[in-house]
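Working through the structure, step by step
Residue-level listing of the chains:
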2 protein chains.
Amino acid sequence: MNPVTPNQTTSDATGVAAASGQPSPTFSPLYQQIKGLITQSLQSGEWKPGEMIPSEVELANRFKVSQGTVRKAIDELAAENLVMRRQGKGTFVSTHHEARAHFRFLRLMPDEGVPHYPESTFIEVKRLRAPAEVARLLDLKSGDAVVYIKRVQNFDGVPTIVEELWLPGLIFKGLTAERLNEYKGPMYGLFESEFGTRMIRAQEKIRAVCAEAGDAALLRVAAGTPLLCAERVSFTYGDKPVELRRGLYLTERHHYQNDLI
Amino acid sequence: MNPVTPNQTTSDATGVAAASGQPSPTFSPLYQQIKGLITQSLQSGEWKPGEMIPSEVELANRFKVSQGTVRKAIDELAAENLVMRRQGKGTFVSTHHEARAHFRFLRLMPDEGVPHYPESTFIEVKRLRAPAEVARLLDLKSGDAVVYIKRVQNFDGVPTIVEELWLPGLIFKGLTAERLNEYKGPMYGLFESEFGTRMIRAQEKIRAVCAEAGDAALLRVAAGTPLLCAERVSFTYGDKPVELRRGLYLTERHHYQNDLI
DNA sequence: GAGTGGTCTAGACCACCCG
DNA sequence: GGGTGGTCTAGACCACTCG
């Protein structure tokens, strides 16, 4: 394999670049291109979450590059949590069906005791037309179908999170309260397994708000109680937004944990 | 230079491993040891913030390893923001005197408009004996001297942050309101230049609280207004805690930005 | 043009896992 | 023992910066 823009690389001749004879306006290193190809295979489902991807030597042969180049590509994918390396075993497609992954997207920790995953009670699940603001954030057209979900999450039986979600209707066709109730574990696991949509990264904007009457009742606190409000947009492959979420967190016995590095 | 297990950090070729014949109980790759040595030089001030460190080939010669090994060590240091690589120029010790670095530790962003750095007004600067809780978090003994600082930060003249800090008195001897007022730019820049203490990472715990009367007055809002409360412990080299900070953020026109990756 | 970091290769060997 | 990822080396060439 040859790089896309004029590049040395002694190995073979058939590169895509040779045809284009352009100078290098946009230089992209070989390992980045390999990374792109591997990402495509992840996205297309050639290797499914939890499965092992081909070994480094195998990929090196397939792409006609050295193992070191494949290695650097996979290094970056591992750093982005798209794959996980396990020495002596292989490289595996990341999945949300793992304790490891659960707390990457749940940052609310108990002030004391060990973190554990909350239980969900679904308040409402329905389809509706996307309001302008939701459409904008999900990159849809205003009025497009979206799935709306409202749930409460309990830690040790104590209601602590009230959450609303908006999901693109096209992708999450057939998502019902029943399927949500049946499913055990984090919703992202369900989304990954049943709807072929893997959340890769997310952006959150956090504010402090006063609990309104309805939410206060769900959390069994007085109206006006201060709550953390986290508005999240989650992205799948290709930086495509596929989830909007607004969580209200009761932070009397929990806190939002963040590392600045 | 040879690895520690099977061998020691000496630069000769013999190595202790051959003698011991033991399997490796604690194996540390060579590049990690190089990384440690470079970190020591950073910590000792052999290369100061903003300065260029020796080139990769130079370090490779010094440590008697290949350039690739030095490279991998520096890669990790760069990933941890201890150094910055600039192609064609060199590798430089990170410093807080840079626009780049400012927003690594200030996550409060305006809902609209471009981020910019707030102005500080210092309310109180004094020395006191560490309360038990402060001492615990700063790894001091209860009653040890600490510097206490209270300030308000304004965005465009609007008071938005009330912050309290506790710093180990031993390190921050001579930190006065005057010096804080004289200094322009982020406090971490002052700490780095004047007190030889560089913050390299921090942990934050975030909650929602109601503004108490005093803080509400400083922020010019009603008592009871919901505020974000961020409690931060900052660390310097060797994971040594050197700052405790409690910030109250008014989130009516700002939000705490966080990326989940 | 000289010096720096960045990419790519090829080959060797090590640590780890499993049958 | 054979496969996998992990480390280390040596050498070549490229892209970038600056004098």
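Residues numbered from 1 in each chain as written. Chains lettered and ligands numbered in written order. Predicted model: local features only at pLDDT ≥ 70, side-chain atom pairs only at ≥ 80, totals over all residues. Heavy atoms only, no water.

Brief notes about the protein's contact with DNA strand D
Taken together, 24 residues form the shell around DNA strand D, and within it R71 and G88 of chain A together with L30, T69 and K72 of chain B come nearest. When the atoms of DNA strand D within 4 Å of the protein are grouped by moiety, sugar and phosphate amount to 83% of the total. For DNA strand D, a phosphate oxygen lies 3.0 Å from a polar atom in the backbone of E56 of chain A. A distance of 2.8 Å is found between a phosphate oxygen of DNA strand D and a side-chain nitrogen or oxygen belonging to K72 of chain B. Those elements giving two or more residues to the surface near DNA strand D turn out to be β2 (83-86) and β3 (90-93) of chain A together with α2 (30-44) and α4 (67-79) of chain B. In the surface near DNA strand D, the residues fall into six nonpolar, eleven polar and seven charged. (Near = heavy atom within 4 Å. Polar contact = N/O pair within 3.5 Å; in protein donor to acceptor, adjacent residues only side chain to side chain. Helix = DSSP H or I, 4+ residues; strand = E, 2+ residues; numbered from the N terminus. Nonpolar A, V, L, I, M, F, W, Y, C, P; charged D, E, K, R; others polar.)

Some remarks on the interface of chain A and chain B
Size of an interface: often given as the accessible area lost when the parts come together. Each partner contributes residues to the interface: chain A has 28 residues there, and chain B has 28 residues. Carbon and sulfur atoms supply 52% of the area buried between chain A and chain B, which totals about 2,600 Å² over both sides. Counting across the interface, chain A meets chain B through two salt bridges. Between D111 of chain B and R207 of chain A there is a salt bridge whose closest N-O contact spans 2.7 Å. At the boundary of chain A and chain B, one finds 16 residue pairs in polar contact (both at pLDDT 80 or more). Put simply, the parts of the chain that give the side of chain A that touches chain B at least two residues each are β8 (201-210), β9 (226-236) and β11 (254-260) of chain A. For the side of chain A that touches chain B, the class distribution of residues is twelve nonpolar, seven polar and nine charged. The pairing of β11 of chain A with strand β8 (residues 201-210) of chain B spans five bridges and is antiparallel. Bridging across to β8 of chain B, Q257 of chain A finds its partner in K205 of chain B. (Contact = heavy atoms within 4.5 Å. Buried area = accessible area lost by both parts, 1.4 Å probe. Salt bridge = Lys/Arg side-chain N within 4 Å of Asp/Glu carboxyl O. Pairing = 2+ DSSP bridges.)

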